[in-house]
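# Survey of secondary and tertiary structure
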Amino acid sequence: MALNAGGASISTELLKARYVGTGHADSTKHEFLTNQHRDTLSSHVGHYDHLSYYAVAQNDAIGRVRMQFLEKMVQPCGPPPKKKIPDSRG
């Protein structure tokens, strides 16, 4: 149980339904890491100070760094791993 700003308790299921990136019992490592990387990249894009810091460090324009981060958000951890198909032979 967690408490919201008003002091009322919120169940874990409600939090997981509200925030997609928190994962669930069936989420894979790749899904969890992808959500984590997307959250980080979106935070950098949303905070101008972070974005300008990266732009200065890379010696690029702020708009170019923003586009790089947005393009990275498509598949931040690469393509998903292949799922194993169970063998139906006895």
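Going by the structure above, here's the rest.
Residues numbered from 1 in each chain as written. Predicted model: local features only at pLDDT ≥ 70, side-chain atom pairs only at ≥ 80, totals over all residues. Heavy atoms only, no water.

## With respect to the side chain of H44
Short version of the rule: Secondary structure is summarised from DSSP: a helix means a run of H or I of at least four residues, a strand means a run of E of at least two, and numbering begins at the N terminus for each. Distance and chemistry together define a polar contact, namely a pair of N or O atoms within 3.5 Å, with one atom able to donate a hydrogen and the other to accept it when in protein, and with adjacent residues in sequence counting only for side-chain atoms on both sides. Only heavy atoms enter the contact rule, under which two residues are in contact if any of them lie within 4.5 Å.
By the secondary structure assignment, H44 is in helix α2 (residues 29-46). For H44, the side chain forms a polar contact with the side chain of H50, separated by 3.4 Å. Every residue in contact with H44, bar those within four places of it in the chain, is listed here: H50, L51, Y54 and F69.

## What about the packing of α2 against helix α3 (residues 48-58)?
Put simply, the rule reads: For helices, the axis comes from a line fit to the C-alpha atoms of the stretch in contact; other axes are also lines fit to C-alpha atoms, and the angle between any two N-to-C directions lies between 0 and 180 degrees. When describing relative orientation, an angle under 35 degrees is termed roughly parallel and one over 145 degrees roughly antiparallel, while 65 to 115 degrees is termed roughly perpendicular and anything else oblique. All residues other than Ala, Val, Leu, Ile, Met, Phe, Trp, Tyr, Cys, Pro, Asp, Glu, Lys and Arg, Gly among them, are scored as polar; the first ten of these are nonpolar and the last four charged.
In the contact formed by α2 and α3, the axes pass within 5 Å of each other and the chain directions differ by 95°. For the element pair α2 / α3, the angle class is roughly perpendicular. In this structure, α2 uses H44, V45 and G46 to contact α3, whose residues at the interface are Y48, H50, L51 and Y54. Of the residues assigned to the contact of α2 with α3, the class counts are four nonpolar, three polar and no charged.

In short, shape yes, function no, at least from these values alone.
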